[in-house]
Amino acid sequence: MGSRARLAGIALLATMSLLTVDGAALAAAGGGATGDHDGRRARFATFNASLNRAAEGQLIADLSTPGNIQAQNAAETIQRVRPDVLLINEFDFDAHGEAARLFQRNYLSVGHNGAAPIHYPFRFVAPSNTGIPSGFDLDNNGLVGGPNDAFGFGAYPGQFGMAVFSRFPILRRHVRTFQLFLWKDMPGALLPDDPATPAPADWYSPEELAVFRLSSKSHWDLPVLVGGRVVHALVSHPTPPVFDGPEDRNGTRNFDEIRLWADYVVPSRGRYLYDDQGERGGLERGASFVIMGDQNSDPSDGDSVPGAAQQLLENPRVNTSLTPSSPGGPEQAALQGGANLTHRGDPAFDTADFADVPGPGNLRADYVLPSRNLRMLEARVFWPLLTDPLFRLVGVFPFPTSDHRLVWVDVRVGGHRANR
Ligand SMILES: [Ca+2]
Ligand SMILES: [Ca+2]
Ligand SMILES: [Ca+2]
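Here the structure is a predicted model, which is why all the values come from computation and not from measurement.

Colleague: Got a sec to walk through the overall build of the chain? Specific residues and values, please.
Modeller: Within the chain, the secondary structure is distributed over 10 helices and 11 strands. Out of the 420 residues belonging to the chain, those deemed buried represent 57%. Carbon and sulfur atoms make up 57% of the accessible area of the chain, which amounts to about 16,500 Å² in all.

Set out below in C-alpha cells:
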C-alpha cells in the first residue's frame, strides 16, 4: 500500500494527535496564519526571489550575516505580503538546508523598515537537477561539461533551486518528488528534433534519452495541513523556453515540465508518472492542491510553445475564478514600451519584468493555481505603483530584489461549496 493511499486518512489522524507531532510548531502555525478563527483561510504565494549566486556556497555566505541588501528586500517583500505557504524559486540548494535556515534567522525573523518579522516553523528543500553533470553533450556543441550539459542549466549542483517556507505543517513522510522522472517516459513527449537530420525527434541520442530527466530543477508534491485538511502544494520551476536553437529543446522541455502537473492532477492522465521512490500515478481523485511556481510561460505573449501555460489554465481541475493582478504591471508596461506595446495579454497579470527592447517584454510567468474544490478569496501580484513607498522593493532594471514579482492567492480550505 503506497503512501498516497495512507494519506487519505492523515487529516483525521493529524487532528487527533496534533500535540504529539510538534506541539510548539503547530501552535505557531495556527496562531500566526492570516487565517480566520477556524484556521482555514490560507495565503499561498510564489516568489522567484533571485536568491541564486554565481558560485557554490556564496548564498550561504551572503545569508550568514544580516547585511545583504537584496536578501533584505526579498525578506521585506515576504513580510509585507505575509504568505502562509511560500515557494521561493531561484534559491540555491545545499544538502543541509543551511541557506534556508539562515534566510529565516537573519532575514525573515528580523523586521525590515517597519514590517513585522515573520516566522515559518516548517521548511522544505531537496536536491535540484540544475548543475548536476549529465556526462553527455546535451547542447551538441562538441564538448561535454558546463551549465548547458547538466541535467538542468546550472554552474554547480543546486544552483537556481527551490525552497518552501510554511506556517502550516508539511507532512514530510508523504512528500513526493519527481527529480528523476525521465522525459522519454511521458507518453507523447515533445522530444526535440535536430533539424539538420532527416530522422524525427533526434536532438538527443537514445543513450542521452535513457538518462534525461524531465524536470530542470525538480517537481515536489508537498502535502500541507491547513485547518485539519490536506492541501498539496505542487511546486516546480520549468526551464525558460529560450537560450537554445531551432530545435527548441528548452521550449519543448518547458511545455512538458508544465504538463507534468497538468497530468498529475487529473487521475485518468497521471498513471504513467513515477516518483523518486518508485511510486506510480498522480493525485488521488478529489484531493485539494495549489500549483505554484515560475512556469516560464505566458499564455499569450513571449516565446514558450503555444498552449504551454494553457495546460494548467484550461485544466478541468484548476480554479481560475480569480486571476492575480496588480496596478504596477500596466503602469510599467506603458512606461517601458517596446515589446509591451504589441502584447496581447493584459499587463495587469504580468509577473516578470523582462527586457523590452530587444526582448520579450513583461510577462505573466509566475502562477498560484488552486484546485476547484478550494474557494479563491483574493489574488494579487505584488507590483505597486511608482508613487507607492513600497515601489522601492520592486524597482526597475537593475532590480533591487528580483526581475519577478511575488504572486499570492488566498483560499478557503473546506467549509464552503467550491466555486466552479
Ligand atoms: Ca556541450
Ligand atoms: Ca532530425
Ligand atoms: Ca521590462
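Colleague: Just give me the short version of the environment of Gly 145, but keep the residues and values in it.
Modeller: The residue Gly 145 is located in the loop between β3 (122-124) and β4 (162-166) in this model. With 10 residues separating them in the primary sequence, Gly 145 and Gly 135 have C-alpha atoms 7.0 Å apart.

Colleague: So what about the coordination of the calcium ion (ligand 1)? Which residues, and what values?
Modeller: Only Asp 137 (OD), Asp 139 (OD), Asn 141 (OD1), Leu 143 (O), Asp 149 (OD) and Asp 149 (OD) from the protein coordinate the calcium ion (ligand 1), and they sit 2.2 to 2.8 Å from it. For the calcium ion (ligand 1), the 6 donor atoms in the first shell make angles of 50 to 157° at the metal, a pattern classed as irregular. Sequence spacing among the residues donating to the calcium ion (ligand 1) works out to D-x1-D-x1-N-x1-L-x5-D. Judged by relative accessible area, Asp 139 falls into the buried class, the value being 15%.

Colleague: A description of the coordination of the calcium ion (ligand 3) should follow, citing residues and the corresponding values.
Modeller: When four donors bind a metal tetrahedrally, each ideal donor-metal-donor angle is 109.5 degrees, and when six bind octahedrally, the ideal angles are 90 or 180 degrees. Every protein donor of the calcium ion (ligand 3) is accounted for by Gln 336 (OE1), Asp 353 (OD), Phe 354 (O), Asp 356 (OD), Asp 356 (OD) and Asn 362 (OD1), and the metal-donor separations fall at 2.3 to 2.6 Å. Metal-centred angles of 51 to 174° between the 6 donor atoms at the calcium ion (ligand 3) mark the site as irregular. Site description for the calcium ion (ligand 3): donor spacing in sequence, Q-x16-D-F-x1-D-x5-N. The same class applies to Asp 353 as to Asn 362, namely buried.

Colleague: Mind laying out the layout of surface pockets, listing which residues take part and the relevant values?
Modeller: Picture a little ball the size of a water molecule; that probe, rolled over the atoms, points out where space is still empty. Empty space within the largest pocket amounts to approximately 1,000 Å³. Residue assignment for the lining of the largest pocket shows that the elements contributing at least two residues are β1 (41-51) and α8 (249-264). A per-element tally of the lining of the largest pocket places α8 first, with 3 residues.

Colleague: So what's going on with the packing of aromatic side chains? Which residues, and what values?
Modeller: Here the structure, examined in full by the defined rule, presents 16 aromatic pairs. Arranged with centres 6.0 Å apart and planes meeting at 65°, the rings of Phe 91 and Phe 103 form a pair that is edge-to-face. Separated by 12 residues along the polypeptide, Phe 91 in strand β2 (residues 85-91) and Phe 103 in helix α6 (residues 98-108) bring together distant segments of the chain. Of the two residues, Phe 91 and Phe 103, both sit in the buried class. A centroid spacing of 6.0 Å and a plane angle of 70° characterise the contact between Phe 103 and Phe 165, whose relative ring orientation is edge-to-face. In this pair, Phe 103 is assigned in helix α6 and Phe 165 in strand β4, connecting sequence segments 62 residues apart.

Colleague: An account of the pattern of salt bridges is needed here, citing residue identities and associated values.
Modeller: Note that side chains of opposite charge can pair when their charged atoms are close. According to the stated counting rule, one finds 13 salt bridges in the structure shown. Linking Asp 62 and Arg 53 is a salt bridge whose minimum nitrogen-to-oxygen distance equals 2.6 Å. On the basis of relative accessibility, which here comes to 16%, the residue Asp 62 falls in the buried class. For Arg 53, a relative accessible area of 10% corresponds to the buried category. In this structure, a network of salt bridges that share partners links the residues Arg 41, Arg 43, Glu 378, Arg 380 and Asp 410.

Colleague: Which residues make up the confidence of the model for the chain, and what are the values?
Modeller: Residue-level pLDDT values for the chain average 92, and 89% of them are 70 or greater. Every residue in residues 11-35 is under pLDDT 50, and counting partners more than four places away or in other chains gives 29 contacts. Across residues 416-420, confidence stays below pLDDT 50; counting only partners more than four residues off in sequence or on other chains, it has 12 contacts.

Colleague: Go over the nonpolar core, please, and point to the residues and values.
Modeller: The tendency in soluble globular proteins is for nonpolar side chains to be buried side by side. Within the largest apolar cluster, 62 residues are counted, with the highest numbers of intra-cluster contacts made by Ile 78, Phe 91 and Phe 103. Membership of the second largest hydrophobic core comes to 36 residues, among which are Trp 183, Ala 189, Ile 291 and Tyr 367.

Colleague: Which residues make up the pairing of strand β8 (residues 288-294), and what values do they have?
Modeller: With respect to burial, β8 is a largely interior element, 7 of its 7 residues being buried. Of the two faces of β8, the one holding Ser 288, Val 290, Met 292 and Asp 294 and the one holding Phe 289, Ile 291 and Gly 293 are both buried throughout. Once the chain exits strand β7 (residues 229-236) it traverses α8 before rejoining the sheet at β8, and the crossover so formed is right-handed.

Colleague: Please provide a residue-by-residue account of the sheet that holds strand β9 (residues 366-370), values included.
Modeller: Reading across the sheet, the 5 strands line up as β5-β6-β7-β8-β9 and stay open at both edges, with mixed pairing between neighbours. What marks the edges here is a single partner per strand, and that holds for β5 (176-177) and β9. Alignment of β8 against β9, held across 5 bridges, turns out to be antiparallel. Each bridged residue has a counterpart across the sheet, and for Met 292 the counterpart in β9 is Val 368. Each of β5, β6 (220-226), β7 and β8 is contacted by α8, which is oriented at about 160° to β7, the strand it contacts most.

Colleague: How would you sum up unusual backbone geometry? Please name residues and give values.
Modeller: Between Val 357 and the following residue, Pro 358, the backbone shows a cis peptide bond with an omega angle of -15°. Within the secondary structure, Pro 358 sits in the loop between α10 (328-336) and β9. Positive phi is not limited to glycine here, since Asn 140 has a value of about 50°. Residue placement: Asn 140 occurs in the loop between β3 and β4. The phi angle at Asn 296 is positive, at roughly 50°, despite the residue not being glycine.

Colleague: Lay out α8 with the relevant residues and their values.
Modeller: Its 16 residues give α8 an end-to-end C-alpha distance of 23 Å, which sits within 8% of 22 Å, the value for a rise of 1.5 Å per residue. The element α8 is largely enclosed, with a buried count of 16 among its 16 residues.

Colleague: I'd like a description of the side chain of Asn 340, backed by residues and values.
Modeller: Examined against the element boundaries, Asn 340 turns out to sit in the loop between α10 and β9. A relative accessible area of 10% places Asn 340 in the buried class.

Parameters and conventions
Residues numbered from 1 in each chain as written. Chains lettered and ligands numbered in written order. Predicted model: local features only at pLDDT ≥ 70, side-chain atom pairs only at ≥ 80, totals over all residues. Heavy atoms only, no water. Helix = DSSP H or I, 4+ residues; strand = E, 2+ residues; numbered from the N terminus. Buried < 20%, exposed > 50% of the residue type's maximum accessible area, 1.4 Å probe, protein only. Areas by Shrake-Rupley, 256 points an atom, 1.4 Å probe, with all protein chains shown as cover. Donors = N, O, S within 2.8 Å, 3.2 Å for Na, K, Ca; no water. Tetrahedral: all angles 85-135°; square planar, octahedral: opposite > 155°, others 65-115°. 1 Å grid on protein atoms, 1.4 Å probe; cavity = no way out; pocket = protein on both sides within 12 Å on 5 of 7 lines; lining within 4 Å. Points joined across faces, edges and corners; volume = space filled by probe spheres on them. Phe/Tyr/Trp six-rings, centres within 6.5 Å; stacked < 30°, edge-to-face > 60°. Salt bridge = Lys/Arg side-chain N within 4 Å of Asp/Glu carboxyl O. pLDDT = per-residue confidence, 0-100. Contact = heavy atoms within 4.5 Å. Core = buried A, V, L, I, M, F, W, Y, C linked by side-chain atoms within 4.5 Å. Right-handed = clockwise from strand over helix to strand, strands pointing away. Pairing = 2+ DSSP bridges. Axes fitted to C-alpha atoms, helices over the stretch in contact; angles between N-to-C directions. Expected span 1.5 Å × (residues − 1).

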